[in-house]
Each structure stands twice: as C-alpha cells, then as structure tokens.
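# Coordinate inspection notes
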Amino acid sequence: MTLDKDRFPIAIKPSEKMGNMIHISWMLHNQCNKRCSYCREFNWNGDSGWLKYDQIITFVDKVINHSQKDLYHFSFTGGEPVLWPQFDQLCHYLKNKGCEIGLTTNGSKSISYWENISDTLNWTCISFHPESSNEDHIFNVVKVLANKSRVSVRLMMHKEKEFWDKSVAFGEKLKMADDCSFIFVEYVPLQNDFGLHSRPMVYENWQREFLEKENHFTVLPTKDVINTHRRDVWDYTTYFNDGTSEFCRPNDLVANNQVNFKNWICHIGLDLLFINHRGEILKGACKQGGNIGHIFDPNLKLPTKPQTCGVNFCPCATDILIKKHRPGYFDEF
Ligand code: SF4
Ligand code: SF4
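This text gives an overview of the structure that appears in the document. Just so we're clear, the structure is a prediction, and the values are computed from it rather than from any experiment.

### Quick look at the site of ligand 2
Looking at ligand 2, there are 14 residues lining it, with Cys266, Cys286, Cys309, Cys314 and Asp319 nearest. Class assignment of the residues belonging to the shell around ligand 2 gives a composition of nine nonpolar, three polar and two charged.

This is the structure:
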C-alpha cells in the first residue's frame, strides 16, 4: 500500500452485522513459555500468578447478567493464555453460555490440547515467532484449528534477516496447506518496546518495500491464494477524509503511522472492556479513562459514555478496532 499523506482516517466503524456486541479482551495472566527478544518482560515473567477458576466464573456471570448486549465476545491473551491450567474448562463453560471466544496464542501446546478445545473457539490468532516457533508443529496446529474456527496466522517480521527469512518461508509453507478451511496470514511489522510506549520498528528499505507490497494473504480451501481478508471476523471499515473507505486493517494503519487518534471520540468502555493480568478493568489496553474497577468488585459500574482520546498513539489492534471518529466528522455516531 502506498501512503498518500493528504489522505488520512476520520473514522473507524463496525459493520451492521456485528450488532450490539461487547468485546471483553482479557489478559488472563502474564506468564509465557517463550522469551521473544522483541517482547517486554512484563508479558512473560508470570508475576501475576493464576486467578482462581471460581472467581473468574463469578465475574463472567455478572457481566452476562448485567450488560444489555446481544453478544458477548471474550478474547484471551497473555502471556500465553492457554498456560492457565483451567483454560480449557473456561472455554467449555463460555461456549455453553452462548458466548463467542477468541484466542491469541503462540500455538505451542500439544495437538491433543487443541483438538479438545477446537469446537469452543470462534477464532484463533496464532503468532509465529521465528526465534523459537517450530514450523512443523505450528503448521499442524493451524490445520487442526482451521477446520473448526477462523484462523489467522501472524508472521512476526523480525528485523534480523535470518528470522525474517524464517517467517517468510513459513508463509510460503502455509500457502501449500491442504485439508484446511480458510487461513488468513499477515506479515506483522514489529514494534519497539511493545506496550503503552510502543513505536513502529525501523526497517531496512527492502523490508519496508516488502511489507508495503505483500502484507497479507488468504489461503482458500481450494489452495488458491488471494490478496484479501475474509470480512467475517472483525468487520470494521476505515473512513478517510477524501470520502473513500476500506476494510480496516490495524497493521496497515500502524505501518503507515495513521494511529494518532488524539481528541477523537472513542467507544472503549462501551464496546470494549480490557481486563489486565491483575484482574483490573480498563476501557482499553491504552488505559485511557483509567481503572474502572476490579473483576471481583461487588459494586462494579460499567461506563455509559464514550472516551475522548488523549494520546497520540493507539497501541494495539484490539483498541484500533473499536468504533471511533474524529470530531467534526461522522458526528451522528
Ligand atoms: S510468545 Fe508472545 S508473550 Fe510470549 S515472549 Fe513471545 S511475544 Fe511475548
Ligand atoms: S488510544 Fe485508546 S482512547 Fe485513543 S483511540 Fe485508541 S483505543 Fe481509543
């Protein structure tokens, strides 16, 4: 994608079919079995410990009983969320309650583990980390899950050529996957100091050109490869000042430095709750609007108004994919 500096986003909006949904994005804990060099220790050192299963179920039931939403979508991150010993039990509980479940994982658990929970998942985002991921294992995990849930694979694009090449090669291997439903694959630019103060990684020219030219593809059941995204998971549209619009791809916006939404009106807190590894509830990963309570707080009150954005970098895809607009545009939101 070529960046036109005079063309800038003015709104991000969900499609009608997504309905009145709340997305509960839950960092279950901060323990991980990997130590990626581009990850902060905060994301893997495990100092949060484990939450108790009964406490989590009590909170889940409270959200479902008290919110006025058509759909409850729980998505889990970590650390590596599936390391929590009761994660499979929680998935089956939520599935029985009619909730949707999404999961971001490094895919390292055994094939039998994935077979056990594959029926409960609506989508799975598998990150391929070239410093440590085993290509054959991840390939088999993708094949198990892609026949039951929507699978996307995030190829982490390391700046070092050895690891860059490994991610590119794994992408080529995925293009040859058979016996699979759709697989969406993204080449993901890394961020420096991932988290609240993250900034786009500075790549070599040839790497930037690659990421601009070939940043995603979809593998179809017919083994055809198309250069587009299935619009059925997170169907958001980015609207631009020149009257154009396009399917919202957060990584494109990050890569093009188009995630400065300062002073925009953002629906975090209404359409999104973010629960951190300590059980504290925030409106979004960006922490705008501050801490609004704890999952075990008996007097918990959820937000009723949107948030005015006060920062100049929207840090993660989950936050980017929440309804928001620049004041003066789309004020009918
Ligand atoms: S797998 Fe993810 S959470 Fe774990 S160390 Fe790597 S980037 Fe961090
Ligand atoms: S940083 Fe937070 S408040 Fe600002 S646009 Fe992103 S999600 Fe919304």
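This is not the end of the story, as more comes after the structure.
### Re the site of ligand 1
Taken together, Cys32, Lys34, Arg35, Cys36, Cys39, Asn43, Trp44, Gly78, Gly79, Glu80, Asn106 and His129 form the complete shell of residues around ligand 1. In the shell around ligand 1, the residues fall into four nonpolar, five polar and three charged.

### Re the sheet that holds strand β13 (residues 245-247)
The strand order β13-β12-β1-β19-β14-β18 describes an open sheet built from six strands, whose pairing is antiparallel. Looking at the sheet topology across the chains shown, the edges are occupied by β13 and β18 (307-308).

### What about helix α4 (residues 135-146)?
Compared with an ideal rise of 1.5 Å per residue, which puts 12 residues at 16 Å, α4 spans 16 Å between its outermost C-alpha atoms and is within 8% of the ideal. Along α4, the residues classified as buried are Ile138, Val141, Val142, Leu145 and Ala146. Buried residues of α4 fall within an arc of 120 degrees about the axis and therefore sit on the same side. The inward-facing, buried residues of α4 contact α3 (111-117), β5 (123-128), β6 (150-157), α5 (161-175) and β7 (183-189).

Each value, and the rule that gives it
Residues numbered from 1 in each chain as written. Chains lettered and ligands numbered in written order. Predicted model: local features only at pLDDT ≥ 70, side-chain atom pairs only at ≥ 80, totals over all residues. Near = placed C-beta within 6 Å. Nonpolar A, V, L, I, M, F, W, Y, C, P; charged D, E, K, R; others polar. Pairing = 2+ DSSP bridges. Helix = DSSP H or I, 4+ residues; strand = E, 2+ residues; numbered from the N terminus. Expected span 1.5 Å × (residues − 1). Buried ≥ 20, exposed ≤ 12 C-beta atoms within 10 Å, placed from the backbone. Arc of directions from axis to C-beta. Contact = placed C-beta atoms within 7 Å.

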